[in-house]
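# Per-entry structural report
Here are the chains, one letter per residue:
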Amino acid sequence: MARARTLERRVEILQSAAAAFRRRGYHGASMGEIARALHMTKGSLYYYFENKEEILFFCHDYSLDVLLEVLERVERSGGTPAARLRSLVESFVHHILDDLRGTAMTLDFQELSPPLLRRVIAKRDRFDKGVRRLLQEGMDAGAFAPGDPKLLTFAILGAVNWIPRWFDPGGPAGSEQIGRVFANYLVAGLE
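This text gives an overview of the structure that appears in the document. Here the structure is a predicted model, which is why all the values come from computation and not from measurement.

## Some details on the overall build of the protein chain
- The helix and strand tally for the protein chain stands at eight helices and zero strands.
- Scanning the protein chain from its N terminus toward the C terminus, one meets helices and strands in the order α-α-α-α-α-α-α-α.
- Against the 2.2 N^0.38 benchmark of 16 Å for 191 residues, the protein chain shows a C-alpha radius of gyration of 18 Å, consistent with a compact globule.
- If one aligns the C-alpha atoms of the protein chain with their principal axes, the spans along those axes are about 55 × 40 × 35 Å.
- Put simply, the protein chain has 191 residues, and 47% of those count as buried.
- The long-range share in the protein chain, meaning contacts at least 24 apart out of those at least 6 apart in sequence, stands at 68%.
- Accessible area for the protein chain stands at about 10,200 Å²; split by element, carbon and sulfur atoms hold 54% of it.
- Across the protein chain, the mean location of the 26 positive side-chain charges is 4 Å away from that of the 24 negative side-chain charges.

## Examining helix α6 (residues 114-140)
- For α6, built from 27 residues, the straight-helix expectation of 39 Å at 1.5 Å per residue is met to within 8% by its first-to-last C-alpha distance of 38 Å.
- Looking only at α6, the buried set comprises Leu116, Leu117, Val120, Lys123, Phe127, Asp128, Gly130, Val131, Leu134, Leu135, Gly138 and Met139.
- The elements touched by buried residues of α6 are α4 (52-76), α5 (81-99), α7 (149-166) and α8 (175-190).
- After α6 finishes, the residue Gly142 shows a positive phi value of roughly 80°.

## Some words on the pattern of salt bridges
- Scanning all chains against the criterion turns up eleven salt bridges.
- Across the salt bridge formed by Glu8 and Arg5, the nearest N and O atoms sit 2.9 Å from each other. Here Glu8 and its partner Arg5 are both found in helix α1 (residues 2-24), three residues apart, which amounts to about one turn of the helix.
- For Glu8, a relative accessible area of 45% puts it in the partly exposed group.
- In this structure, Arg124 engages Asp125 in a salt bridge whose closest nitrogen and oxygen atoms are separated by 3.3 Å.
- By sharing partners, the salt bridges in this structure join Arg5, Glu8, Arg9 and Glu12 into a single network.

## Regarding α4
- With 25 residues, α4 should reach 36 Å at 1.5 Å per residue; the first-to-last C-alpha distance of 36 Å fits that figure.
- Downstream of α4 by a residue or two, Gly78 has a phi angle that is positive, lying close to 75°.

## A closer look at empty space enclosed by the protein
- All told, the structure shown has one cavity of 30 Å³ or more when counted by the stated rule.
- Computed from the structure, the largest cavity encloses a volume of approximately 30 Å³.
- Surrounding the largest cavity, Leu85, Leu88, Val89, Phe92, Phe127, Val131, Ile156 and Leu157 form its lining.
- Those elements that provide at least two residues to the lining of the largest cavity are α5, α6 and α7.
- Of the residues forming the lining of the largest cavity, the biggest block, four residues, is contributed by α5.
- Residues belonging to the lining of the largest cavity are distributed by class as follows: eight nonpolar, no polar and no charged.

About the cut-offs
- Residues numbered from 1 in each chain as written.
- Predicted model: local features only at pLDDT ≥ 70, side-chain atom pairs only at ≥ 80, totals over all residues.
- Heavy atoms only, no water.
- Helix = DSSP H or I, 4+ residues; strand = E, 2+ residues; numbered from the N terminus.
- Rg over C-alpha atoms; globule rule 2.2 N^0.38 Å.
- Buried < 20%, exposed > 50% of the residue type's maximum accessible area, 1.4 Å probe, protein only.
- Contact = heavy atoms within 4.5 Å.
- Areas by Shrake-Rupley, 256 points an atom, 1.4 Å probe, with all protein chains shown as cover.
- Lys, Arg positive; Asp, Glu negative; His and termini not counted.
- Charge placed at Lys NZ, Arg CZ, Asp CG, Glu CD.
- Expected span 1.5 Å × (residues − 1).
- Salt bridge = Lys/Arg side-chain N within 4 Å of Asp/Glu carboxyl O.
- 1 Å grid on protein atoms, 1.4 Å probe; cavity = no way out; pocket = protein on both sides within 12 Å on 5 of 7 lines; lining within 4 Å.
- Points joined across faces, edges and corners; volume = space filled by probe spheres on them.
- Nonpolar A, V, L, I, M, F, W, Y, C, P; charged D, E, K, R; others polar.

Function-wise, these values are silent; they only describe arrangement.
As structure tokens, this is what we get:
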């Protein structure tokens, strides 16, 4: 129970930090600003994270863990490649907009030190390869037109990762509608 509460608190810090990084940039946001947004002391923040880089790493690491779990669930779910890709895109959009409030996945992971950067890139590559497998499976089954799975994966991930750049939480479209529209559009382009 204590581990679950600690993870929950770390995710709250992730959301606050990601918003601060987005507003002021990674170098411009301070640990004090992140703590104040959560009504914490800076010392309390250091209980959960050693430094700002560790928060940035957690932003990416946690986000990719969630996406890898979604990918695994989608791969196990059965159904057509188109249905699984729709589910993956909708879940990806939901994660970015609702769970992460449109921030964490868009942060500059290049600011990480080489050892942490390698860990993030390894997870990102696992997700990327999973999407490619799904596309290749759809092509092999004749559900998707022939194409280059690598380039098509870049197109899909690029489209979804760009959403936080224009998304307005107060706007008329929420994550459910955006996820559905993007999933339908992206899958239709492959069929």
